[in-house]
Amino acid sequence: MLFVEFPLSGDLRLPLLLMEWIFIITGFEISSVFLIRYLKHQEKSLRNYQDVGYFALFFGFSLMWLFYIVGDYYAPSSFESPFLIWESGSYRTLFLNFGYFTMIIAAFILLLCTEKYNVILIRRYLFTAIFAICAILFLILFFIDIRLTQPVTYVFWTGFMSFFLSYLIKFIRKLKSRGFLLIVGLGFMLIGFLLTTDVFVNTFGLGIRIVGAVLQLISVVVLSYFFNILPPFNEFDWKDKIEAVYLIDDSGVCLYYKIFKERKDLIDENLISAAASSINIVLKELTGQKERGISVFKKKGENVIIYPGKFVSGMLYTTEELNYPKFILKELVDKFEALYRNILLNWDGEITIFKPTEIIVNDLFSL
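Residues numbered from 1 in each chain as written. Predicted model: local features only at pLDDT ≥ 70, side-chain atom pairs only at ≥ 80, totals over all residues. Heavy atoms only, no water.

**Notes on unusual backbone geometry**
Residue Pro82 is bonded to the preceding Ser81 through a cis peptide linkage, with omega at 0°. Mapped onto the fold, Pro82 is located in the loop between helix H2 (49–74) and helix H3 (91–115). (Helix = DSSP H or I, 4+ residues; strand = E, 2+ residues; numbered from the N terminus.)

**Re the pattern of salt bridges**
If you walk through the whole model with that rule in mind, you get seven salt bridges. Linking Asp72 and Arg209 is a salt bridge whose minimum nitrogen-to-oxygen distance equals 2.7 Å. Of this pair, Asp72 sits in helix H2 while Arg209 sits in helix H8 (residues 206–228), and the two are 137 residues apart along the sequence. Taken individually, Asp72 and Arg209 each receive the classification buried, so the pair is uniform in this respect. The partner of Arg147 in a salt bridge is Asp145, and the shortest N-O contact between them spans 3.1 Å. Classification of Arg147 by relative accessible area gives partly exposed; the value is 22%. (Salt bridge = Lys/Arg side-chain N within 4 Å of Asp/Glu carboxyl O. Buried < 20%, exposed > 50% of the residue type's maximum accessible area, 1.4 Å probe, protein only.)

**Observations regarding the packing of H2 against H3**
At a minimum axis distance of 8 Å, the contact between H2 and H3 shows a crossing angle of 175°. Taken together, H2 and H3 sit at an angle that is classed as roughly antiparallel. Its residues assigned to classes, the contact of H2 with H3 shows 20 nonpolar, six polar and two charged. (Axes fitted to C-alpha atoms, helices over the stretch in contact; angles between N-to-C directions. Parallel < 35°, antiparallel > 145°, perpendicular 65-115°, else oblique. Nonpolar A, V, L, I, M, F, W, Y, C, P; charged D, E, K, R; others polar.)

**Looking at empty space enclosed by the protein**
Applying the stated criterion across every chain, the model contains one cavity of 30 Å³ or more. In this structure, the largest cavity occupies an estimated 170 Å³ of space. Counting only elements with at least two residues in the lining of the largest cavity, the list comes to H2, H3, helix H5 (150–175) and helix H7 (198–204). Considered class by class, the residues forming the lining of the largest cavity number eight nonpolar, four polar and four charged. (1 Å grid on protein atoms, 1.4 Å probe; cavity = no way out; pocket = protein on both sides within 12 Å on 5 of 7 lines; lining within 4 Å. Points joined across faces, edges and corners; volume = space filled by probe spheres on them.)

**Quick word on the nonpolar core**
Counting residues in each nonpolar core, the largest one holds 57 residues, and the members touching the most others are Phe61, Phe156, Phe160, Phe164 and Phe227. Listed by contribution, the elements that provide at least two residues to this core are helix H1 (13–39), H2, H3, helix H4 (126–144), H5, helix H6 (178–195) and H8. With near-sequence residues (within four places) excluded, Phe61 lies in contact with Phe23, Met103, Trp157, Met189, Gln216 and Val220. Among the nonpolar cores identified, the runner-up in size contains 26 residues, and Trp238, Ile294, Leu332 and Leu344 belong to it. (Core = buried A, V, L, I, M, F, W, Y, C linked by side-chain atoms within 4.5 Å. Contact = heavy atoms within 4.5 Å.)

**Remarks on a nonpolar patch on the surface**
Residues Leu84, Ile85, Tyr91, Leu139 and Phe143 make up a contiguous nonpolar surface patch of about 510 Å² in total accessible area. Checked against the element boundaries, Tyr91 lands in helix H3. For Tyr91, a relative accessible area of 31% corresponds to the partly exposed category. (Patch = residues over 30% accessible without salt bridge, like charges linked within 9 Å, V, L, I, M, F, W, Y side chains within 5 Å. Areas by Shrake-Rupley, 256 points an atom, 1.4 Å probe, with all protein chains shown as cover.)

**Describing the packing of aromatic side chains**
This model, assessed by the stated rule, comprises 28 aromatic pairs. Seen from their ring centres, Phe83 and Tyr91 are 4.9 Å apart, and the 85° between their planes marks the pair as edge-to-face. Residue Phe83 is classed as buried on the basis of its relative accessible area, which comes to 1%. With a centroid separation of 6.0 Å and an interplanar angle of 85°, the aromatic rings of Phe95 and Phe98 are classed as edge-to-face. A residue pair is termed a helical-turn pair when its members lie 3 or 4 positions apart in one helix, as Phe95 and Phe98 do in helix H3 at three residues. According to the relative accessible area criterion, Phe95 is partly exposed, its value standing at 23%. Among the residues examined, Phe98 registers a relative accessible area of 34% and is labelled partly exposed. Each member of the aromatic cluster is reached from another via a ring pair, and the members are Phe67, Phe83, Trp86, Tyr91, Phe95, Phe98, Phe101, Phe138, Phe142 and Phe143. Lys258 extends its terminal NZ or CZ atom over the ring of Phe260, reaching a point 5.9 Å from the ring centre. (Phe/Tyr/Trp six-rings, centres within 6.5 Å; stacked < 30°, edge-to-face > 60°. Lys NZ or Arg CZ within 6 Å of the ring centre and 35° of its normal.)

Here is the structure:
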């Protein structure tokens, strides 16, 4: 399908422009959340490249729409012959192509970061390779004739939706009710995108483009929430690998513990406290008093993750070494210290005062 002249005019021009700017700003803000979440983890073991992929997705989607706005509202839509390095074209077509290519690259980064952790379909990096070919094909057509690139975007959206459909089928049982959010978000995004294409706007007017922009705005918010609560793809079953969690103060007293899997060697919290206290002493001697970080000890198929906070240390028993539980343990220690900071400074030895910690643990470990 070739590009057509498509000047935006009429009474709906201003509200449509306002809606699309809100859409763009929201997308940029959401992308910054994922970028900050990735960068804030000083511990490399806590960093998840999927956050980079999510950042690329929402940043690219917003940048694409920024190019759309420039092309539709501020660039001449009339075709010129010759046009720059092409036989024919327009500045609107040029900016729309910039938008299309931006989204293809953003999706490529998302797929690369996602398939790094799991095989979604047949073999690893299958969708990444498909999108790399799509990007190369787009560039070839772009330099041959600027008007011939739009069909590649249909291939892009087909592949993009196929990826998420394969993902949904693969992880539907583990996603449970969260899978509904993915379906709604992708459905609104696809329908919204179709309603903003030239074909629909030329047929039904600018009103249909406003509806499409609203649907895409809703989809961006829904998908951002979905990705924000999602653990890494290769660690969906992380809860099944958790055995016990302990919170121990600097003197070796166990302030709180919870057993997820009944095992005799995990029941005695006093022995655990003594061991954790000794380990913390050794770690402080080796790394220095001011440095804090995640430590992992392995023994016969069992992993012990330790995170020393300012007042207490968290200890997590797992059957496998996973990254997501490290993040959960750190969050537990940080929340515990924020909640009980004043009490810990002048603690009188009463353990029952920490009983409400059960609420925090149930919330964190029931994700």
